[in-house]
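Architecture and fold: a report
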Amino acid sequence: MLGKLSYLYFPIAGEKGIKSCVTPNLAGDSKLNQETFILEPVSVENLHNNRSGRNFWCSIEGMGHWSVVGASVEEEYKKFTEYQDKSVLTAGLMWHELERESMKYQMKSKVTSFVPLEHDVEIMYVRLYNNGKKEKAVTSTAVVPIYGRSADNIRDHRHVTSLLHQIETQEDGVCVKPTMSFDERGHRKNNTTYFALGITGDGRKPISFFPVVEDFIGEGGSYTNPRAIQEKKDGVKAGQYFEGKEALGGIRFETITLQPGEGAEYIVIIGASELGTNDGMLALEEIMTEEEPATEGEIEDSKEEMEKESEAIEQETEKESEAIEQAMKNRSEEESTTEEKMKE
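The text that follows walks through the structure, step by step, so that each part is easy to find.

What counts, and at which threshold
- Residue indices follow the written sequence of each chain, beginning from 1 at its first position.
- Two thresholds apply to this predicted model, a pLDDT of at least 70 for residue-level local features and 80 or more for giving and counting side-chain atom pairs, whereas whole-chain, interface and lining totals are computed over all residues.
- Note that the side-chain values use all heavy atoms of the structure and ignore hydrogens as well as water.
- Only runs of H or I of at least four residues qualify as helices and only runs of E of at least two qualify as strands under DSSP, and these elements are numbered from the N terminus.
- In this scheme, a residue with accessible area under 20% of its type's maximum is buried, one over 50% is exposed, and one in between is partly exposed, where area comes from a 1.4 Å probe on protein chains only.
- Residue contacts are counted whenever heavy atoms from the two residues lie within 4.5 Å of one another.
- A pair is scored as a salt bridge if a Lys or Arg side-chain nitrogen falls within 4 Å of a carboxyl oxygen belonging to Asp or Glu.
- The criterion is simple. A nonpolar core is a set of buried Ala, Val, Leu, Ile, Met, Phe, Trp, Tyr and Cys residues joined through side-chain atoms within 4.5 Å.
- The criterion for an aromatic pair is that two Phe, Tyr or Trp rings (for Trp, the six-membered ring) have centres within 6.5 Å, with stacked assigned to planes under 30 degrees apart, edge-to-face to planes over 60 apart and tilted to the rest.
- The criterion for strand pairing is that DSSP finds at least two bridges linking the strands in question.
- Orientation is described by lines fitted to C-alpha atoms, with helices fitted over the stretch in contact, and by angles between N-to-C directions that extend from 0 to 180 degrees.

1. Here we look at the overall build of the protein
Looking only at helices and strands, the protein features 7 helices and 21 strands. Looking at the 344 residues of the protein, the share that counts as buried comes to 47%. Sequence-distant contacts, at least 24 apart, represent 66% of the contacts inside the protein between residues at least 6 apart.

2. A short note on the pattern of salt bridges
Close approach of charged atoms allows side chains with opposite charge to pair. Under the counting rule described, the total for this entry stands at 19 salt bridges. Note that Arg-188 and Glu-35 form a salt bridge whose closest N and O atoms lie 3.8 Å from each other. Of this pair, Arg-188 sits in strand S15 (residues 186-189) while Glu-35 sits in the loop between strand S3 (30-33) and strand S4 (36-37), placing them 153 residues apart in sequence. Overall, the relative accessible area of 35% leaves Arg-188 in the partly exposed class. When the shortest N-O distance is used, the salt bridge between Glu-231 and Lys-233 registers 3.5 Å.

3. Let's talk about the nonpolar core
Ranked by size, the top nonpolar core spans 42 residues in total, and within it Phe-56, Val-68, Met-107, Leu-128 and Tyr-266 carry the most contacts. Among the elements that line this core, the one with the most residues is strand S21 (residues 263-273), at 5 residues. When residues no more than four places from it in sequence are discounted, the contact partners of Val-68 are Phe-56, Cys-58, Leu-98, Arg-100, Ser-109, Val-111 and Leu-128. Formed by 11 residues, the second largest nonpolar core is a distinct cluster that contains Tyr-125, Cys-175, Ile-199 and Ala-283.

4. With respect to the packing of aromatic side chains
Throughout the structure, instances matching the rule amount to 3 aromatic pairs. A centroid spacing of 5.4 Å and a plane angle of 50 degrees characterise the contact between Phe-56 and Tyr-266, whose relative ring orientation is tilted. Here Phe-56 is found in strand S5 (residues 55-60), whereas its partner Tyr-266 is found in strand S21, with 210 residues between them in sequence. Judged by relative accessible area, which is 0%, Phe-56 ranks as buried.

5. So, the sheet that holds strand S7 (residues 86-92)
Reading across the sheet, the 9 strands line up as S7-S8-S9-S10-S21-S16-S13-S12-S18 and stay open at both edges, with antiparallel pairing between neighbours. Each of the sheet's edge strands pairs with one partner strand only, and the pair in question is S7 and strand S18 (241-243). Strand-to-strand twist in this sheet, taken as the mean axis angle between neighbours without regard to direction, amounts to 15 degrees. For strand S12 (residues 166-169) and S18, the ladder comprises 3 bridges, and the chain directions are antiparallel. If you follow Ile-167 over to S18, its bridge partner there is Phe-242.

Next comes the structure, spelled out in structure tokens:
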């Protein structure tokens, strides 16, 4: 069971600059560089202590609220018992897939995290399945805590820098553009926009948003037990503007009905750019305009290709290591022979 792993994490990165780390319950950070952290910076100890990681909630009518990544107080309580979710982690070269199955909610999920080659963004590809014998009304909410500043600000002016946040809800998600970045070295105008965007697998946009942390978790609440989820609160609509708050990419999708055996898909895009949400929007547009969505078989084929590439790299590395070892051995033998001749 993945709940028994505290220090495991995987890198996810692209050739254009974005670098992320992901744990089995989707904690970890994401950044472009030291000055541009999209998610809150973490160390190895934060991986299992922090609550502010990526999350995806399913509110199931008449049953409760299920975190498909296992980041909830309910799942924490069920750890190390027979009632905890069944979970499987599969990962390869720069991709990570988490599968969870809940006995209580009779639901199954798959969350694949990766960085596409064409865009400087991180993608969460979420698939939900109704494993039960009855239909379920499901309301899904993606949650991405947007840190949006330098790693130095985690200990230096954390609150003051949050006062510089300018947060806006758009049709596809939440964007944050601080007015400036500063530390003890000086003040600089900020040109970077941080964003979390979402869309359903069949191209439907979110219906509302939770752009402010304190409004989402509520007084006395937390990321693993947010009052907005527990109390079934409505989010705000697109076109709203907020200032001076810790930001959140909270994205609410419309309620759907899943028949037994039926599934649904969601795509969440996380990134930062000096071109605003442009790169994220381009990624969304490409997903929406694809003639045919990738099938499970195509996804598996892609994973197999990446695994083969990884194996080829490992084999090449092993050959190089063996060659180096052999060369060092030969050199050592030559030196020993020389020493013996000199003694003679």
